[in-house]
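Here is what each chain is made of, one letter per residue.
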Amino acid sequence: MDPTTAMYVAQGIHGLAYGMVLFLVASGLTLIFGMMDILNLAHAAFFMLAAYFCYQFLSMTGNFWAALLLAPVATAFFGILMERFLLRKIHAFGLMSQLILTVGVSLVILAGVKIFWGTESLPVKIPPILSGLVMIGGMDYPVYRLFVIGMSLVVLAIMALLLYKTRLGKIVRAAVSDADMVNALGINIPLVFTFVFGVGIWLAGVAGVAIAPILTVYPGLEAQMGMDAFVVVITGGFGSLAGAFIVSIIFGLLSSYGVQFVSSLAPVLMFAFMAIVLAIRPTGLFGERE
Amino acid sequence: MMNKKVQWILWVGLIVILILYPKVFGIYYTNLFITFAVLAIYSVSFNLLLGYTALFSFGHAMFFGVGGYGTALALKHIAGLSLLGAMGMGLLAAIVFALILCPIVVRVTGSAFAMLHLAFGQLMYVLALKLRGITGGEDGIGGFPIPPFSIPGVVSINMKVPANFYYFAIVVLGVSLWIMWFFTKTPFGQIQVGVRDNAMRIDYLGFKVPQTKAVVYVVAGAFAGVAGSIFALFQNLIAADGAFSIMVSFAAVINTLVGGLGSFFGPICGAAIMQILEEVTTRYTDRVELVAGLILILVIMFAPTGFMGLVRLVKERWFSPSAGKIKLEKVS
């Protein structure tokens, strides 16, 4: 295979891997918004927290797989605490209060992370089986990126099964369209809300662990991912998982090919895409019309 | 009337305090006060949208930044530009920018409006960082000449003297504040509140809702631009992080909420409270983020109506004629 094609394919893999991670974060955000009308500005802070947990568990157990399982769960636990003891109490005060509260929480998480782990970037080592390159069809692919893509697809499949094939999924979907009515039917909606919030944060946690070996762990992770994920949710349309998926992949590819061709303007491409979409459809690609 | 007399005395007292302030407190606190005043005007302009028309401009920093960059670029590239001319350029830039966004943003409300602004604000931030040739990237534009305030043949005041700049900034910001206050008191201001409370009814009454929103939007953007312009002149520097970053947008939201939503003077109180808190916390600890985060959480949890809400509660509890007779129900 000639080098030009190889470059295109390699950049494509990078873009897809980043797009999938982006989707994991954005899907949690859009799920929580679609169901609970909460704009969780602390979402990216939890994403970062998961990366730090991954580092911590890895240095304690030395086992990446244990960290991969434990870190998102530990993160989700903190997310549930926030939902249960903070967000629920101010639900009546509307969007503004939620935004300020979640900004406050993200500042506290950022400060806490700096107190416990300092501000240096911490390396996360991946197990030997995931490192290196694999040869497929005469080309080398980085194994870890393929693993990230595969893992994200598995998580996506599980989520889809859960949402569309189980009773719980049915309740969640019903709650998205009319939470009060579902509550009146005798289903414990506050509990379902807590569960969905936990799952949303767990998804961000999985993404945080997935990105840790690629970017290393440092406090700037939050800002880097947070804005991208928000732009994905806005462009894809609030509450739309399909929109989040498509836009995540587009953004992943835009950023990796963008870096290749117009390196200094790569971040602008994403925002320009968003601006064009919003100018035509103010509610996003798959958003419902108001 | 007694009340009117008291009011006059208070006004005169306020003006005397403002005039004497730099002489009494010295340069450090004078500069602090200018920062506060800039943030206060900026927050009031934000509240003009949120509190009066329920439009949540979650990227308000973009107007602040456009105003600042407009002034800085004008001073850098146009030789011999006067001070007011430079400010006018900043104002014009903010107005033009608001006019460009208008057709898109007046079509949406609620969280879609907020997110659109978050996104456009971030677009401006990235552009300011990346278009190095024009904006200077991370370093921003600094060291541009600050012209003296002059009326030809009458007076010329050197603006590089901090006390002089203080008076200039206070006058400009005071006039801006007065115009915004006046703006909310006009019949148009009433339509504005009507749009907030029941847009459909305002529409039935024959007023044009999108156009009303557009006018408020441009006015709010213009005054955020004035604040940004003064800020650029004050620092003699405008950079992406200080002008366009998400924290600048948050500052307006935080000031408004801490001070009290929907009251004209709430954001000013909020700006003062946050400024004092920041000043005090930086003196004792370098964990400013932690303190700021905890304060935000505490305010939202325990005083969701902000400072003005607390004032109102205290007034009702102890100073209303019926105090003591009615037991206030606990506001949950």
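Thresholds applied
Residues numbered from 1 in each chain as written. Chains lettered and ligands numbered in written order. Predicted model: local features only at pLDDT ≥ 70, side-chain atom pairs only at ≥ 80, totals over all residues. Helix = DSSP H or I, 4+ residues; strand = E, 2+ residues; numbered from the N terminus. Rg over C-alpha atoms; globule rule 2.2 N^0.38 Å. Buried ≥ 20, exposed ≤ 12 C-beta atoms within 10 Å, placed from the backbone. Contact = placed C-beta atoms within 7 Å. Nonpolar A, V, L, I, M, F, W, Y, C, P; charged D, E, K, R; others polar. Core = buried A, V, L, I, M, F, W, Y, C linked by C-beta atoms within 7 Å. Axes fitted to C-alpha atoms, helices over the stretch in contact; angles between N-to-C directions. Left-handed = near helix turned anticlockwise from the far one by under 90°. Expected span 1.5 Å × (residues − 1). pLDDT = per-residue confidence, 0-100.

Asks: When you look at the overall build of chain A in this model, what are you seeing that I'm missing?
Replies: The helix and strand inventory of chain A stands at 11 helices and 2 strands. In chain A, the succession of α and β elements from N to C terminus is α-α-α-α-β-β-α-α-α-α-α-α-α. For 290 residues, the compact-globule estimate of 2.2 N^0.38 gives 19 Å, and chain A sits close to it at 19 Å. Viewed in the frame of its principal axes, chain A has a C-alpha envelope of about 65 × 50 × 35 Å. The 290 residues of chain A split such that 48% are buried. For chain A, long-range pairs separated by at least 24 residues make up 74% of all intrachain contacts whose partners lie at least 6 apart in sequence.

Asks: Could you clarify how one ought to interpret the overall build of chain B in this entry?
Replies: Secondary structure assignment for chain B yields 13 helices and 4 strands. Scaling as 2.2 N^0.38, a compact globule of 332 residues should have a C-alpha radius of gyration of about 20 Å, and chain B matches this with 21 Å. Dimensions along the principal axes, computed over C-alpha positions, put chain B at roughly 65 × 50 × 45 Å. Looking at chain B as a whole, 45% of its 332 residues are labelled buried.

Asks: Looking at this structure, I do not really get the interface of chain B and chain A. What am I missing?
Replies: Interface size, as often reported, equals the accessible area lost upon joining of the parts. Contacts between chain B and chain A engage 30 residues on the former and 35 residues on the latter. Counting residues per element, the ones that place at least two in the side of chain B that touches chain A are α4 (110-130), α10 (246-259) and α12 (288-302) of chain B. Class assignment for the residues of the side of chain B that touches chain A results in 23 nonpolar, 3 polar and 4 charged.

Asks: Is there a simple way to think about the nonpolar core in this case?
Replies: When a protein is soluble and globular, its nonpolar side chains tend to lie buried together. In this structure, V21(A), V25(A), A51(A), C54(A), V38(B), A119(B) and A169(B) are the most contacted members of the largest nonpolar core, which totals 198 residues. In terms of residue count, helix α1 (residues 3-36) of chain A provides more of this core than any other element does, 16 residues in total. Look past the residues within four positions of A169(B) in its chain and what remains in contact with it is I34(B), A37(B), I230(B) and F234(B).

Asks: I keep staring at unusual backbone geometry and nothing clicks. Help me out?
Replies: Trans is the prevailing form of peptide bonds, just as negative phi is the prevailing case for residues other than glycine. One non-glycine residue, T216(A), adopts positive backbone phi at about 65°. Position of T216(A) relative to the elements: it lies in the loop between α8 (189-215) and α9 (221-236). A positive phi angle is found at A54(B), which is not glycine, with a value near 60°. Assignment of secondary structure puts A54(B) in the loop between α1 (2-53) and α2 (61-77).

Asks: Explain the packing of helix α11 (residues 266-280) of chain A against α4(B) to me, please; I cannot follow it from the model alone.
Replies: Two quantities define a packed helix pair, namely the angle between the helix axes and the distance between the axes. For the pair α11(A) and α4(B), the least separation of the axes is 10 Å and the interaxial angle reads 145°. Taken as a pair, α11(A) and α4(B) cross one another with a handedness that is left-handed. Residues P267(A), V268(A), F271(A), M274(A), A275(A) and L278(A) of α11(A) form the contact with α4(B), whose own contacting residues are L116(B), A119(B), Q122(B), L123(B), V126(B), L127(B) and K130(B). Split into classes, the residues belonging to the contact of α11(A) with α4(B) amount to 11 nonpolar, 1 polar and 1 charged.

Asks: Teacher, can you tell me more about the environment of G133(B) here?
Replies: By the secondary structure assignment, G133(B) is in helix α5 (residues 132-135). Along the primary structure G133(B) and S43(B) are separated by 90 residues, whereas in three dimensions their C-alpha atoms are 31 Å apart.

Asks: Is there a simple way to think about helix α3 (residues 64-87) of chain A in this case?
Replies: Owing to its 3.6 residues per turn, the α-helix aligns residues three or four sequence positions apart on the same side. Residues and elements named next belong to chain A. With 24 residues, α3 extends 33 Å between its outermost C-alpha atoms, agreeing within 8% with the 34 Å of an ideal straight helix rising 1.5 Å per residue. Restricting attention to buried positions, one finds in α3 the residues F64, A67, L70, A71, P72, T75, A76, F78, G79, M82, E83 and L87. Where α3 is buried, its residues meet α2 (43-61), α4 (95-117) and α8.

Asks: Mind showing me how you'd approach the confidence of the model for chain B here?
Replies: Regions with low pLDDT should not have their predicted coordinates read in detail. Residue and element names in this part refer to chain B. Within chain B, residue pLDDT values average 84, and 95% of them lie at 70 or more. Low pLDDT, under 50, characterises residues 323-332; the predicted model gives this stretch 4 contacts beyond four residues in sequence or across chains. Confidence metrics for the complex model read pTM 0.83 and ipTM 0.81.

Asks: Explanation requested: the environment of M96(A) in the structure shown.
Replies: On the secondary structure map, M96(A) appears in helix α4. Once the C-alpha coordinates of M96(A) and I211(A) are considered, the two residues, 115 residues apart in sequence, prove to be 31 Å apart. Once you skip the residues sitting within four places of it in the chain, M96(A) turns out to touch F56(B) and L257(B).

Asks: Whenever I open this one, the packing of helix α10 (residues 241-261) of chain A against α11(A) confuses me. Can you help?
Replies: Residues and elements named next belong to chain A. Relative to each other, α10 and α11 sit at 145°, their axes nearing to 8 Å. Pair α10 / α11 crosses with right-handed handedness. Contacts from F251, L254, S255, G258 and V259 in α10 reach A266, L269, M270 and F273 in α11. When grouped by side-chain class, the residues that make up the contact of α10 with α11 number 7 nonpolar, 2 polar and no charged.

Asks: What exactly am I supposed to notice about the environment of Y29(B) here?
Replies: Residue and element names in this part refer to chain B. Along the chain, the position of Y29 falls in helix α1. Judged by local crowding, Y29 falls into the partly exposed class, with 14 C-beta atoms found within 10 Å. Between the C-alpha atoms of Y29 and G142, which are 113 residues apart in sequence, the distance is 23 Å.

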